[in-house]
Amino acid sequence: VQLVESGGGLVQPGGSLRLSCAASGFTFRSYAMRWYRQAPGKERELVASIPSAGGYTNYADSVKGRFTVSRDNAKNTVYLQMNSLKLEDTAVYYCNAFRGLYDYWGQGTQVTVSS
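As a starting point, this report considers the structure included with it.

What counts and what doesn't
- Sequence order as written defines the numbering, with residues in each chain counted from 1.
- The predicted nature of this model means local features are confined to residues of pLDDT at least 70 and side-chain atom pairs, given and counted, to a pLDDT of 80 or more, with totals for whole chains, interfaces and linings taken over all residues.
- Computation of side-chain values covers all heavy atoms of the structure but excludes hydrogens and water.
- Secondary structure is summarised from DSSP: a helix means a run of H or I of at least four residues, a strand means a run of E of at least two, and numbering begins at the N terminus for each.
- Note that the radius of gyration is over C-alpha atoms, with the globule rule given as 2.2 Å times the number of residues to the power 0.38.
- When a residue's accessible area, from a 1.4 Å probe over protein chains only, is under 20% of the maximum for its type it is buried; when over 50% it is exposed; and in between it is partly exposed.
- Residue contacts are defined here by distance: any two heavy atoms, one from each residue, within 4.5 Å place the two residues in contact.
- Whether two aromatic rings pair depends on their centres lying within 6.5 Å, for rings of Phe, Tyr and Trp, where Trp uses its six-membered ring; planes under 30 degrees apart make the pair stacked, over 60 edge-to-face, and the rest tilted.
- By definition, two strands form a pair when at least two bridges between them are found by DSSP.
- The definition of a polar contact used here is a pair of N or O atoms within 3.5 Å, where within protein one atom must be able to donate a hydrogen and the other to accept one, and adjacent residues in sequence count solely through side-chain atom pairs.

1. Some thoughts on the overall build of the protein
Looking only at helices and strands, the protein features 0 helices and 11 strands. Scanning the protein from its N terminus toward the C terminus, one meets helices and strands in the order β-β-β-β-β-β-β-β-β-β-β. For 115 residues, the compact-globule formula gives about 13 Å, and the C-alpha radius of gyration of the protein, at 13 Å, lands near that figure. Projected onto its principal axes, the C-alpha positions of the protein cover 40 × 25 × 25 Å. Each of the 115 residues in the protein was classed as buried or not, and the buried ones make up 43%.

2. Focus: the environment of alanine 32
By the secondary structure assignment, alanine 32 is in strand S4 (residues 32–38). Between the C-alpha atoms of alanine 32 and alanine 53, which are 21 residues apart in sequence, the distance is 8.0 Å. When sequence neighbours within four positions are dropped, the list of residues in contact with alanine 32 reads Ile50, Pro51, Ser52, Arg71, Asn96, Ala97 and Phe98.

3. With respect to the packing of aromatic side chains
The relative placement of two aromatic rings is captured by the distance of their centres and the angle of their planes. If you walk through the whole model with that rule in mind, you get 5 aromatic pairs. Plain terms: the ring middles of phenylalanine 26 and tyrosine 104 are 5.2 Å apart, the flat faces sit at 50° to each other, and that makes the pair tilted. Of the two residues, phenylalanine 26 is situated in the loop between strand S3 (17–24) and S4 and tyrosine 104 in strand S10 (residues 102–105); the sequence distance between them amounts to 78 residues. You can call phenylalanine 26 buried: its relative accessible area is 13%. Ring centres of tyrosine 36 and tryptophan 105 lie 4.9 Å apart, and the angle between their planes is 50°; on these two criteria the pair is classed as tilted. Of this pair, tyrosine 36 sits in strand S4 while tryptophan 105 sits in strand S10, and the two are 69 residues apart along the sequence.

4. Overview of the pairing of strand S7 (residues 67–72)
Within a regular beta strand, the side chains point alternately toward one face of the sheet and then the other, so they alternate between its two faces. Only one face of S7 is covered, namely the face carrying Phe67, Val69 and Arg71; the face carrying Thr68, Ser70 and Asp72 is uncovered. The sheet contact formed by S7 and strand S8 (residues 77–82) spans 6 bridges and is antiparallel. Across the sheet, the residue bridging to aspartate 72 is threonine 77, located in S8.

5. Quick notes on the side chain of threonine 77
One can find threonine 77 in strand S8. The class of threonine 77 is buried, set by a relative accessible area of 9%. Polar contacts involving the side chain of threonine 77 include one to the main-chain carbonyl oxygen of lysine 75, which spans 2.8 Å. Other than its neighbours up to four places away in sequence, threonine 77 contacts Ser20, Cys21, Ala22, Phe28, Arg71 and Asp72.

Okay, here's the thing in structure tokens:
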């Protein structure tokens, strides 16, 4: 099982980034997918989630209206489009695959918002 995040980097406030998470080794289309983030000294926070077949998505209040989660089950990939980035969005972002007792994590990708 592998989840590999990419797309992180350094961006100025107000900028955009698109994170990707490529999945392999399990039946991606059967799993709900989530994006979490963890800032230094803080607990890991659920940012966004999308069910296995797509459709209804859910977001943390802090990112509503700015972030969009999507998935492409044909490509075994989940995305997080992040717009209007703020300094407080700086964190390591992790993707997570969840189905019942099964719970897989990626290694994370760093997002730094700085002027």
